[in-house]
Amino acid sequence: MFPQDPFSGAPDALVPPHSGAPSAASPLLAHLNDEQLAAVTLPAGHALILAGAGSGKTRVLTTRIAWLLQNGYATPGGILAVTFTNKAAKEMVARLSAMLPVNVRGMWIGTFHGLCNRLLRAHHKAAGLPQSFQILDTQDQLSAIKRLCKQHNVDEERFPPKQLSYFIASCKEEGMRPGDVPTHDSDSRKKVEIYQLYEEQCQREGVVDFGELMLRSYELLRDNDPIREHYQRRFQHILVDEFQDTNKLQYAWLKQLAGNDVGGRYEARGSVIAVGDDDQSIYAFRGARVGNMTDFVREFDVQRQIKLEQNYRSYSNILDSANHLISHNSRRLGKNLRTTQGAGEPVRVYEASSDLAEAQWMVDEIKQLVRNDGFERKEIAVLYRSNAQSRVIESALFNASVPYRVYGGLRFFERAEIKHALAYLRLLENPHDDTSFTRVVNFPPRGIGARSIEVLQDAARAAGCSLHDAVSAVPGKAGANLGAFVAMVDVLREQTQGLNLRGIIEQMLESTGLVEHFRTEKEGADRIENLQELVNAAESFVTQEGFGRDAVALPLDEHGTPLIQSVQSPVSQGLDPNAPVLDEPLKPAVPGIVDADTGETLSPLAAFLTHAALEAGDNQAQAGQDAVQLMTVHASKGLEFDCVFIGGMEEGLFPHENSASDRDGLEEERRLMYVAITRARKRLYLSHSQTRMLHGQTRYNIKSRFFDELPEAALKWITPKQQGFGSYAPSFATHSGAGSAYGSSARGQFGFKSETFASPPVPAQKAAPSHGLRAGIAVFHTKFGEGKVLAIEGTGDDARAQVNFPRHGTKWLALSVAKLTVVE
DNA sequence: TAACTTCTAGTTTTT
DNA sequence: CTAGAAGTTA
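Because the structure is a prediction, the values reported are computed rather than measured.

**Some points on the overall build of chain A**
Thinking step 1. When its secondary structure is counted, chain A shows 27 helices and 23 strands.
Thinking step 2. Here chain A, with 824 residues, has 53% of them falling under the buried criterion.
Thinking step 3. Expressed as a percentage of contacts within chain A between residues at least 6 apart in sequence, the contacts between residues at least 24 apart total 76%.
Thinking step 4. Within the structure as shown, chain A displays about 35800 Å² of accessible surface, and the carbon and sulfur contribution to it stands at 50%.

Printed below as a string of C-alpha cells:
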C-alpha cells in the first residue's frame, strides 16, 4: 500500500495496521462520523486532512493522538503536535488530558515558536546562543532597530525603522540570512547591510526575535546531523494544526524534523499529518503560504487525503451562504460543508443610512435577541473588517448600557509598566541586554537624559562592549548617575539570589522604585494594580502547569546519541479510558527546559521571562463577563457564537480597497468573509451603510459585491421602509434645500425617502437613469464644491459617479446618497 | 527633562 | 477625526 516503508528503522510495535477495521469498541471513537473516524485511525504515513469550519478539527487531532497512544502505536515521547497560537496548544493539552488519564508529559505540544524555543534552549551551544537568551517581541525588535539606526547614522527618513523591521522579519520567514538576500540597488544593499548589523547586535546582546527563533532552530536541525536525526527518530508522529497558515520557513522546519533530502528527493521517516483549510487562509499578508498544502502532498507523496465536510455548528441558511460565497474563489482544493441541521433563520441583511444608524440598529437588535430570544450576550458577536469600525459600535453599546468586550487591545505583557518591570528582570538575568538597559535606565526618571545615553552608547561602541560595561567610561555627573543605576541593578541581583520568583519580583518592584513612581502618577493606580498582577502571574506560572510539566529534551552524548534512552514503558499502562483520573496537582518537580549537554535547567526567572515573551497574555480584563463580543474578522477565526453581526459590508471596506485590486487580494477578502459567516451558529446579520465617517470625512460607499455572491433564498432584507428618517438620514435634497430639486410634492418626502433608502432584493425597478448625469458635465457637491463627472457606473441604487473635484481629488460617489446637482 | 504643539497617516496580526 | 510621533519651548 505504501511505496516505501515510512517507518524504516522504527520499532514494529509503533506501526499501526495498514488496513483492517479500527476497534470501534473503543469509547474514544464513539460519536465520530465516518470522515472523522477515518482521520483518527489513519494508518502510518503522511496525510492531509482538509477540515472545514466547524467540522470537529480539534477533536480529530486530539482523538488521533489518544488513539495512537491507547493502541500502543506511539509513545507520548514520539508525538509532536504544533499549532500557531498558545490558545490552540492549551486547548489541545486540556482535551487530551481529559481523554487520557495519563499526563501529557513527554509529548511535545506547542506553538511553532514555543517548540523552537525549547529546541534552542536544549541545544543552545550547537545553536550558538547563551542558555538564557532573551526573546524580543515586535516592540523590542523595533526599539532595537531604532537604536541601531541612530548608532550607525542611518537616515530614518529613507529607511523607516518600521519598514526595516518588516523587511528583516520577511527575510527570516523566507529563510534568508543577509548573505542570501538578493540586492539590485543601493537601497536594497543598504537594507541588507542593516539586517547584517542587526543580527550582529542581537548576537552580541544574547537576544533573538520571533523570526530568529524559527530560523535558528531550522538551521540547527539542518546543519547538525546528530541532533536532527535524534529528533527524527524520536518524533514518529507529527501533527500540524492550521497548516494553511504556515509560512515557507515553518514548512521547511517541519521537513527537517520529518525527514531528509536524499539526492534531491525527500524522504520522510515518521508520519506527518497536516490539518488545515485552504478556504480559511487569511494570513497571506504576513507570509502564510496556502501553497504549502499542495507542496506537502507532492513532496511527501501523500497517499491519503480526508475531507471533513460535516459541519456541526451552523444552520443550513448560514452554511449555504458560506458555501455559495466561497465557490466564487478559484484555485481551491474543493470542499463543501454540509449539515443535518435545518434551515434555521434566514440571514438578515440590513441597509443603514449611516454608520451611526447601523450601530444603533445592531444595538436594538442585540437587545431584542437578549430580551426576547433568550440569547446570552457573550454568545453575540459583532465582527468588522478593520478596527476603526469598532468605535461607533462601542459608543452605541455604551449609551444603551449594553455590556461589551472589545478584543485586540494591548495585551497584559505588552503594557508599558509590565514591559518596564520585565526589562529590569531581564537585566538581572543578562546585564548585557542593551534593549532592556535603555528601556529602564531612566525609568523611573533618575536624571539620565538623551545626552548621557548618547555618550554611553558611543563609549560602548568604541570599547566594543555592552552599555552595562561601558558605564565606567562615562565621566562627570552623567557617569555618576549611570553608575548609580548599574550599581542598583547589580545590588538587586545580589539581593535576589536564592529568592523564589515571587520574592525576586517583589524585591525588584521595591528597589527600582517602579511602584513608588506610579504612586505619584495620576493614572498610576491601575498600573500598580497591573504590577501586582505580574506578581500573581509569576506565582501561578511557578505553581501551575507551564513551568515544570514539559518534556525534557533528551540529553545527547558527543556522538549525538541520547544519554537517556526514551522510555519504552508499556504505553497501554495508565491509558485505560475508564481508569480514574489522577488529580494530583502538577508540581514543578521537573524543570521544563533542560540543557541537552549539561543537564542544567533554566532558572525559574528565565523560564518566566520566556513565557512572558512567547505568550503575551490575554487581552483585556473581564473575560468572564456576559458581554457582547466585538472583534475583527481575523480575531474571530477559531471562535463561534450563536449570533453574529457583520457590519460595514461595503465596497472599499469589505472587500477592503487595498485588497480589491488584485485577484489574490480579493480572494483572501472572500475567504475572510467566509470565516466571518462560518462563525455563526444560529443567527447571522449582515449590514452595510450608505455613509460612513472615515478619516474625518464622510464616505459614500456602495454595498459589498459579496452580497451578490450569497444565495438569494437564504437571505432576508429587513431594512424597514420607514428607515432612514431622523437625524442620521442624509438629506436627499440638493444644496439649495429640500424644496428645489425634488420638491416636497404630494408624494411627500416620506414616500420618496423610503423608496430611496430601503434596499429591496434589487432589480425591482430598473428605471432609466434618473440622475441625469453623464461623463463630462459639471456638478456641485455640498461638501466638495464644483467638480467634473468622469464616469458613471451601475444603475438604480448602485449607480455611482466618478467625479473630479479640484480641491478634493477624484472620488467615486454613490448617486443614491451623494448630494449632487448639475451645474447649468 | 517635561510639557506643550504640530504633523501625519490611517487593513488585517500571532509569536 | 484622532492617536502616536516628532519637534519645540520653558
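Still more ground to cover, so stick around.
**Considering a negative patch on the surface**
Thinking step 1. A cluster of like negative charges, contributed by Glu-523, Asp-526, Glu-529 and Glu-533, occupies part of the molecular surface.
Thinking step 2. Within the fold, Glu-533 resides in helix α23 (residues 524-543).
Thinking step 3. For Glu-533, a relative accessible area of 40% corresponds to the partly exposed category.

**Comments concerning the packing of helix α2 (residues 57-70) against helix α3 (residues 86-99)**
The packing of two helices is summarised by the inter-axis angle and the distance between the axes.
Thinking step 1. Where α2 meets α3, the closest approach of the two axes is 10 Å, and the angle between their N-to-C directions is 50°. Classified by the interaxial angle, the pair formed by α2 and α3 is oblique. Crossing angle aside, the handedness with which α2 passes α3 is right-handed. Of α3, the residues touching α2 (which contributes Thr-58, Arg-59, Leu-61, Thr-62, Thr-63, Ile-65 and Ala-66) are Glu-91, Met-92, Arg-95, Leu-96 and Met-99.

**Digging into the pairing of strand β16 (residues 680-694)**
Thinking step 1. Of all 15 residues in β16, twelve are buried, a share of seventy percent or more.
Thinking step 2. Two elements, strand β11 (residues 347-354) and β16, share six bridges in a ladder whose sense is parallel. Following the sheet pairing, Ala-352 is matched in β16 by Ser-689.
Thinking step 3. Both β16 and strand β17 (residues 697-700) contribute to a ladder of four bridges, which runs antiparallel. Residue pairing for β17: Leu-694 is matched across the bridge by Gln-697.
Thinking step 4. Where β16 hands over to β17, the hairpin turn is made up of two residues, of which His-695 adopts a positive phi near 55°.

**Observations concerning the nonpolar core**
Thinking step 1. Grouped together as the largest cluster of nonpolar side chains are 61 residues, with contacts concentrated most on Ile-238, Trp-253, Phe-296 and Phe-300.
Thinking step 2. Grouped together as the second largest cluster of nonpolar side chains are 50 residues, Ala-421, Leu-422, Phe-443 and Leu-492 included.

**Remarks on the protein's contact with DNA strand C**
Thinking step 1. Around DNA strand C, the neighbouring residues are Arg-391, His-695 and Gly-696.
Thinking step 2. The side chain of Arg-391 places a nitrogen or oxygen atom 2.3 Å from a phosphate oxygen of DNA strand C.

**Some words on the sheet that holds strand β9 (residues 271-276)**
Pairing between the strands of a sheet comes from backbone hydrogen bonds, and it takes one of two forms, parallel or antiparallel.
Thinking step 1. Taken together, six strands build an open sheet; the order of strands is β3-β2-β6-β9-β1-β10 and the sheet is parallel. Among the strands making up the open sheet, the edge pair consists of β3 (108-111) and β10 (304-308). For this sheet, the mean inter-axis angle between neighbouring strands, taken without regard to orientation, is 15°.
Thinking step 2. Bridge count between strand β6 (residues 237-240) and β9: four bridges; the pairing is parallel. The partner of Leu-239 across the bridge, within β9, is Ile-273.
Thinking step 3. On top of the sheet, α3 reaches β2 (79-83) and β3; it is set at about 155° to β3, its chief contact.

**With respect to the UniProt feature "binding site: ATP" (unreviewed entry) in chain A**
Thinking step 1. The UniProt entry lists Ala-51, Gly-52, Ala-53, Gly-54, Ser-55, Gly-56, Lys-57 and Thr-58 under the feature "binding site: ATP" (unreviewed entry), expressed in the numbering used here.
Thinking step 2. Turning to its location among the elements, Gly-52 is positioned in the loop between β1 (47-51) and α2.
Thinking step 3. Not counting residues up to four positions away in its chain, the partners in contact with Gly-52 are Asp-277, Gln-280, Leu-308, Lys-335 and Leu-337.
Thinking step 4. Within the secondary structure, Thr-58 sits in helix α2.

**Considering the environment of Glu-351**
Thinking step 1. Within the fold, Glu-351 resides in strand β11.
Thinking step 2. The sequence separation of Glu-351 and Ser-687 amounts to 336 residues, and the corresponding C-alpha distance is 5.7 Å.
Thinking step 3. Within polar-contact distance, the side chain of Glu-351 engages the side chain of Gln-690 at 3.4 Å.

**Topic: the protein's contact with DNA strand B**
Thinking step 1. Not every one of the 28 residues close to DNA strand B is listed here, only the nearest: Arg-385, Ile-448, Gly-449, Thr-632 and Ser-659.
Thinking step 2. When atoms of DNA strand B within 4 Å of the protein are sorted by moiety, sugar and phosphate together comprise 50%.
Thinking step 3. Between DNA strand B and the protein, one listed contact pairs a phosphate oxygen with a backbone N or O atom of Ile-448 at 3.0 Å.
Thinking step 4. At a separation of 2.6 Å, a phosphate oxygen of DNA strand B approaches a polar side-chain atom of Thr-632.
Thinking step 5. Here the residues of the surface near DNA strand B sort into eight nonpolar, 16 polar and four charged.

**Comments concerning the packing of aromatic side chains**
Thinking step 1. All chains considered together, the criterion is met by 24 aromatic pairs.
Thinking step 2. Between the aromatic rings of Phe-437 and Phe-485, the centroid separation amounts to 5.3 Å while the plane-to-plane angle is 90°, which identifies the pairing as edge-to-face. Taken together, the positions of Phe-437 in helix α17 (residues 434-440) and Phe-485 in helix α20 (residues 476-495) put the pair 48 residues apart, joining distant regions of the chain.
Thinking step 3. Classification of Phe-437 as buried rests on a relative accessible area of 2%.

**So, the pattern of salt bridges**
Thinking step 1. Going through the model one piece at a time under the given rule, you end up with 56 salt bridges.
Thinking step 2. Put simply, Asp-241 and Lys-57 hold a salt bridge, and the shortest N to O gap is 3.3 Å. Taken together, the residues Asp-241 in the loop between β6 and α11 (248-258) and Lys-57 in helix α2 connect sequence positions 184 residues apart.
Thinking step 3. Residue Lys-57 is classed as buried on the basis of its relative accessible area, which comes to 19%.

**Focus on α23**
Thinking step 1. Look at α23: 29 Å from first C-alpha to last across 20 residues, which is about the 28 Å you get at 1.5 Å a residue.
Thinking step 2. Of the positions making up α23, those classed as buried are Gly-524, Asn-530, Leu-531, Leu-534, Val-535, Ala-538 and Phe-541. Viewed end-on, α23 has its buried residues packed into an arc of 150°, placing them on one side of the element. Those residues of α23 that are exposed and angled more than 90 degrees off the buried face are Ala-525, Asp-526 and Glu-529.
Thinking step 3. Taken together, the buried residues of α23 touch α16 (416-429), α21 (501-512), α22 (514-520) and α24 (604-614).

**Examining the state of the cysteines**
Thinking step 1. Scanning the model with the defined rule gives zero disulfides in all.
Thinking step 2. The thiol of Cys-116 is unpaired, and the distance to the nearest cysteine sulfur, on Cys-202, comes to 16 Å.
Thinking step 3. The structure places no disulfide on Cys-171, whose sulfur is separated from the nearest cysteine sulfur, that of Cys-202, by 14 Å.
Thinking step 4. Using a relative accessible area of 4% as the deciding quantity, one classes Cys-171 as buried.

**Remarks on the confidence of the model for chain A**
Thinking step 1. Across chain A, pLDDT averages 82, with 80% of residues at or above 70.
Thinking step 2. Averaged over each element, pLDDT in chain A is lowest for helix α27 (residues 748-757) (24) and highest for strand β15 (residues 641-646) (98).
Thinking step 3. Low pLDDT, under 50, characterises residues 545-591; the stretch is placed with 84 contacts to residues that sit more than four places away or in other chains.
Thinking step 4. Contacts of residues 723-769 to residues separated by more than four positions or lying in other chains number 57 contacts, the stretch itself having pLDDT below 50.

**Comments concerning the packing of helix α6 (residues 138-151) against helix α8 (residues 186-205)**
Thinking step 1. Between α6 and α8, whose axes approach to 10 Å, the crossing angle comes to 110°. Relative to α8, the element α6 lies roughly perpendicular. Between α6 and α8 lies a crossing whose hand is right-handed. Seen from α6, the contacting residues are Gln-141, Ala-144, Ile-145, Arg-147 and Leu-148; seen from α8, they are Ile-194, Leu-197, Tyr-198, Gln-201 and Glu-205.
Thinking step 2. For the contact of α6 with α8, the class distribution of residues is six nonpolar, two polar and two charged.

About the criteria used
- Residues numbered from 1 in each chain as written.
- Chains lettered and ligands numbered in written order.
- Predicted model: local features only at pLDDT ≥ 70, side-chain atom pairs only at ≥ 80, totals over all residues.
- Heavy atoms only, no water.
- Helix = DSSP H or I, 4+ residues; strand = E, 2+ residues; numbered from the N terminus.
- Buried < 20%, exposed > 50% of the residue type's maximum accessible area, 1.4 Å probe, protein only.
- Contact = heavy atoms within 4.5 Å.
- Areas by Shrake-Rupley, 256 points an atom, 1.4 Å probe, with all protein chains shown as cover.
- Patch = residues over 30% accessible without salt bridge, like charges linked within 9 Å, V, L, I, M, F, W, Y side chains within 5 Å.
- Salt bridge = Lys/Arg side-chain N within 4 Å of Asp/Glu carboxyl O.
- Lys, Arg positive; Asp, Glu negative; His and termini not counted.
- Charge placed at Lys NZ, Arg CZ, Asp CG, Glu CD.
- Axes fitted to C-alpha atoms, helices over the stretch in contact; angles between N-to-C directions.
- Parallel < 35°, antiparallel > 145°, perpendicular 65-115°, else oblique.
- Left-handed = near helix turned anticlockwise from the far one by under 90°.
- Pairing = 2+ DSSP bridges.
- Core = buried A, V, L, I, M, F, W, Y, C linked by side-chain atoms within 4.5 Å.
- Near = heavy atom within 4 Å.
- Polar contact = N/O pair within 3.5 Å; in protein donor to acceptor, adjacent residues only side chain to side chain.
- UniProt positions renumbered as here; feature names shortened; annotations may be inferred.
- Nonpolar A, V, L, I, M, F, W, Y, C, P; charged D, E, K, R; others polar.
- Phe/Tyr/Trp six-rings, centres within 6.5 Å; stacked < 30°, edge-to-face > 60°.
- Expected span 1.5 Å × (residues − 1).
- Arc of directions from axis to C-beta.
- Disulfide = S-S within 2.5 Å.
- pLDDT = per-residue confidence, 0-100.

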